[in-house]
Amino acid sequence: LVSFWIFRQTSDCKWFERGNRSKAAMRHWAESSQWNFLQKYHLLEAEENFSNRQYEAARQSYHNAIQLSKNHKFLNDEALSCELAGYFFFEIGKKTEALEYFTRANSNYHEWGATAKATSVYECAEAIFKDSSICNRSSPQVGEHPIKRYGSGHPTIQYGDG
């Protein structure tokens, strides 16, 4: 995952090749145990497609990674897949979709017990919402902050009356 991210930042092909080697290894492991590794393979595939600017293929691969993680009860993989999908949608200018994925990642990280990571995702989403132009639905209202802290002090992201 990091290799594809570094490639997107630097355009240094050695990082893309390293990401592809990792993806090939994950494919091999997924063939041995789809239950444990197939969602991880799809997440690497999503990052590769994102790096290649194949946005529709990336969107589908993120969806597959998230769905398989959910079906296989890997809450941590679902959270990571949602977070990376959030960054993907943010980078391609789809801030509303990004917030939806960050919201889901935040919830999953919190449920998994990774409160520091949930806070990190919360802060990222909070920064995105400083641009009120993405608050163009009836809920939340323009100027209303959709991210709130509840109960135990752990952040959650909610729309409207939530």
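Residues numbered from 1 in each chain as written. Predicted model: local features only at pLDDT ≥ 70, side-chain atom pairs only at ≥ 80, totals over all residues. Heavy atoms only, no water.

(A) Quick peek at the packing of helix α2 (residues 13-32) against helix α3 (residues 34-51). Packing of α2 against α3 brings their axes to within 8 Å, and their N-to-C directions diverge by 155 degrees. Considering the angle they form, α2 stands roughly antiparallel to α3. In the packing of α2 onto α3, the handedness of the crossing is left-handed. Between α2, through F16, N20, S22, K23, M26, R27, W29, A30 and S32, and α3, the contact on the second element is made entirely by Q34, F37, L38, K40, Y41, L44, E45, E48 and S51. Partitioning the contact of α2 with α3 into residue classes produces eight nonpolar, five polar and five charged. (Axes fitted to C-alpha atoms, helices over the stretch in contact; angles between N-to-C directions. Helix = DSSP H or I, 4+ residues; strand = E, 2+ residues; numbered from the N terminus. Parallel < 35°, antiparallel > 145°, perpendicular 65-115°, else oblique. Left-handed = near helix turned anticlockwise from the far one by under 90°. Contact = heavy atoms within 4.5 Å. Nonpolar A, V, L, I, M, F, W, Y, C, P; charged D, E, K, R; others polar.)

(B) Molecular detail of the nonpolar core. Counting 25 residues, the largest nonpolar core has Y62, F88, Y101, F102 and Y109 as the members making the most contacts within it. Those elements that provide at least two residues to this core are α3, α4 (55-71), α5 (75-91), α6 (95-112) and α7 (115-128). When near neighbours in sequence (up to four residues on either side) are disregarded, F88 contacts F50, Y55, A58, R59 and Y62. Grouped together as the second largest cluster of nonpolar side chains are eleven residues, F4, F7, F16 and L68 included. (Core = buried A, V, L, I, M, F, W, Y, C linked by side-chain atoms within 4.5 Å. Buried < 20%, exposed > 50% of the residue type's maximum accessible area, 1.4 Å probe, protein only.)

(C) Highlighting the pattern of salt bridges. Applying the stated criterion across every chain yields a total of six salt bridges. When the shortest N-O distance is used, the salt bridge between E48 and K23 registers 2.5 Å. Placement of the pair is E48 in helix α3 and K23 in helix α2, with a sequence separation of 25 residues. With respect to burial, E48 and K23 carry one shared label: buried. We note a salt bridge from R104 to E78, for which the minimum N-O separation is 2.9 Å. Note that R104 is positioned in helix α6 and E78 in helix α5, a separation of 26 residues in sequence. Its relative accessible area of 30% is what places R104 among the partly exposed residues. (Salt bridge = Lys/Arg side-chain N within 4 Å of Asp/Glu carboxyl O.)

(D) Structural context of α2. With 20 residues, α2 ought to run about 28 Å at 1.5 Å a step, and its terminal C-alpha atoms sit 29 Å apart, in line with that. When we look at burial in α2, the residues that qualify are W15, F16, G19, K23, M26 and A30. Down the axis of α2, the buried set is contained in an arc of 95 degrees. They therefore lie on one face. The exposed set on the far side of α2, more than 90 degrees from its buried face, consists of R21, E31 and S32. In this structure, the buried residues of α2 make contact with α1 (2-10) and α3. (Expected span 1.5 Å × (residues − 1). Arc of directions from axis to C-beta.)

(E) Molecular detail of the packing of aromatic side chains. Inspection of every chain in the model, using the stated rule, returns nine aromatic pairs. When the ring of Y55 is compared with that of F88, the centres are 6.0 Å apart and the planes differ by 55 degrees; the resulting orientation is tilted. Of this pair, Y55 sits in helix α4 while F88 sits in helix α5, placing them 33 residues apart in sequence. Residue Y55 is classed as partly exposed on the basis of its relative accessible area, which comes to 34%. Residue F88 is classed as buried on the basis of its relative accessible area, which comes to 1%. Arranged with centres 4.9 Å apart and planes meeting at 70 degrees, the rings of F88 and F89 form a pair that is edge-to-face. A single burial state applies to F88 and to F89, both of which are buried. Members of the aromatic cluster, joined through ring pairs, are F50, Y55, Y62, F88, F89 and Y101. In this structure, K40 packs its charged tip against the face of F74, placed 5.2 Å from the ring centre. (Phe/Tyr/Trp six-rings, centres within 6.5 Å; stacked < 30°, edge-to-face > 60°. Lys NZ or Arg CZ within 6 Å of the ring centre and 35° of its normal.)

By themselves, these are just geometric observations and shouldn't be taken as functional.
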